[in-house]
Amino acid sequence: AYQERFDEVLKFHAPGLAPVLRGKEAWHIYSDGEEVYSHRDWRTFGNYESLAAVVGKDGWHHINTVGKAIYEDRYDWCGNFQGGLCPVRIADGQYFHITRNGSPAYQQRWRYAGDFRNRIAVVQAEHGLSTHIDQNGQVIHNQWFLDLDVYHKGFARARDDDGWMHIDCRGKPIYARRFHG
């Protein structure tokens, strides 16, 4: 596909860019191997919603498809944008979601926050239990679990003291049986 060689090449994401690594420098390339921009980071990741997470000496943030930072803040970690929101972790270990301009989507902070899927994300509170929130940070069903997944086809996997099950959109089990594993 191209003559240029790299230590690592991740998959191409729309609009046709791939993160690459050579030595201690990372950037994005086009499908012909040509660089998209000239600056270098420590790590680069794939584009989601035309934004890519990168990490450099000043921390984690997102860049657009021409390599320009889209906000000034830097984080201890950034996820991928899904539905216009992205989970981030700040220096004290707390998580929350940001919008495309880098603003917090809501005020609450969590022990963990996952990607949004169909406008719903999993978050974990300080007490170690997890629930689902909407894009405004509002708890959806106020049911809390030891472990929890995002909804898929209307149901989510959840684990309570008795084991794993599936729950509906109200956070209620859809059957009595529990599974271990």
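Residues numbered from 1 in each chain as written. Predicted model: local features only at pLDDT ≥ 70, side-chain atom pairs only at ≥ 80, totals over all residues. Heavy atoms only, no water.

A.B. asks: Would you mind going over the pattern of salt bridges with me for this structure?
C.D. replies: Two side chains with opposite charge may pair up if their charged atoms get near one another. A full pass over the atoms with the stated rule returns eight salt bridges. We note a salt bridge from Asp160 to Arg178, for which the minimum N-O separation is 3.2 Å. Pair noted here: Asp160 is in strand E14 (residues 156-160) and Arg178 is in the segment after strand E15 (163-167), with a separation of 18 residues, a long-range link. (Salt bridge = Lys/Arg side-chain N within 4 Å of Asp/Glu carboxyl O. Helix = DSSP H or I, 4+ residues; strand = E, 2+ residues; numbered from the N terminus.)

A.B. asks: Looking at this model, I keep getting lost on the packing of aromatic side chains. Mind explaining?
C.D. replies: For any pair of aromatic rings, the description consists of the separation of the ring centres together with the inter-plane angle of the planes. In the structure shown here, the tally under the stated rule is eight aromatic pairs. Between Phe6 and Trp27, the ring centres sit 5.8 Å apart and the planes meet at 70°, which makes this aromatic pair edge-to-face. Pair noted here: Phe6 is in the segment before strand E1 (8-9) and Trp27 is in strand E3 (residues 25-29), with a separation of 21 residues, a long-range link. As far as burial versus exposure is concerned, Phe6 and Trp27 are alike and both buried. Ring plane angle 65° and centroid distance 6.0 Å describe the contact between Tyr71 and Tyr75, whose orientation is recorded as edge-to-face. Assessed through its relative accessible area of 7%, Tyr71 is described here as buried. Classification of Tyr75 as buried rests on a relative accessible area of 6%. By the ring-pair criterion, three or more aromatic residues cluster together here, those being Tyr2, Phe6 and Trp27. Sitting over the face of the ring of Phe96, Arg109 holds its NZ or CZ atom 3.7 Å from the ring centroid. Cation over ring: Arg157 sits above Trp164, and NZ or CZ is 4.3 Å from the ring centre. (Phe/Tyr/Trp six-rings, centres within 6.5 Å; stacked < 30°, edge-to-face > 60°. Buried < 20%, exposed > 50% of the residue type's maximum accessible area, 1.4 Å probe, protein only. Lys NZ or Arg CZ within 6 Å of the ring centre and 35° of its normal.)

A.B. asks: Would you mind going over unusual backbone geometry with me for this structure?
C.D. replies: Excluding glycine, most residues fall at negative phi; most peptide bonds, likewise, are trans. Cis geometry is adopted by the peptide bond preceding Pro15, which originates at Ala14 and carries an omega value of 10°. Turning to its location among the elements, Pro15 is positioned in the loop between E1 and strand E2 (18-22). Look at Glu49: it is not a glycine, yet its phi comes out positive at around 55°. Secondary-structure assignment places Glu49 in the loop between strand E4 (43-48) and strand E5 (51-56). The phi angle at Ser50 is positive, at roughly 65°, despite the residue not being glycine. For Ser50, the location among the structural elements is in the loop between E4 and E5. For Ser50, a relative accessible area of 37% corresponds to the partly exposed category.

A.B. asks: Please explain the nonpolar core as it appears in this structure.
C.D. replies: Within soluble globular proteins, side chains that are nonpolar generally end up buried alongside one another. Counting 22 residues, the largest nonpolar core has Tyr75, Cys78, Ile98 and Ile133 as the members making the most contacts within it. Among the elements of the structure, E5, strand E8 (86-89), strand E9 (95-98) and strand E11 (121-124) are those that each provide at least two residues to this core. When residues no more than four places from it in sequence are discounted, the contact partners of Tyr75 are Gly59, Trp60, Val88, Arg89, Ile90, Phe96, Ile98 and Gly102. Among the nonpolar cores identified, the runner-up in size contains 12 residues, and Val20, Val36, Val54 and Ile63 belong to it. (Core = buried A, V, L, I, M, F, W, Y, C linked by side-chain atoms within 4.5 Å. Contact = heavy atoms within 4.5 Å.)

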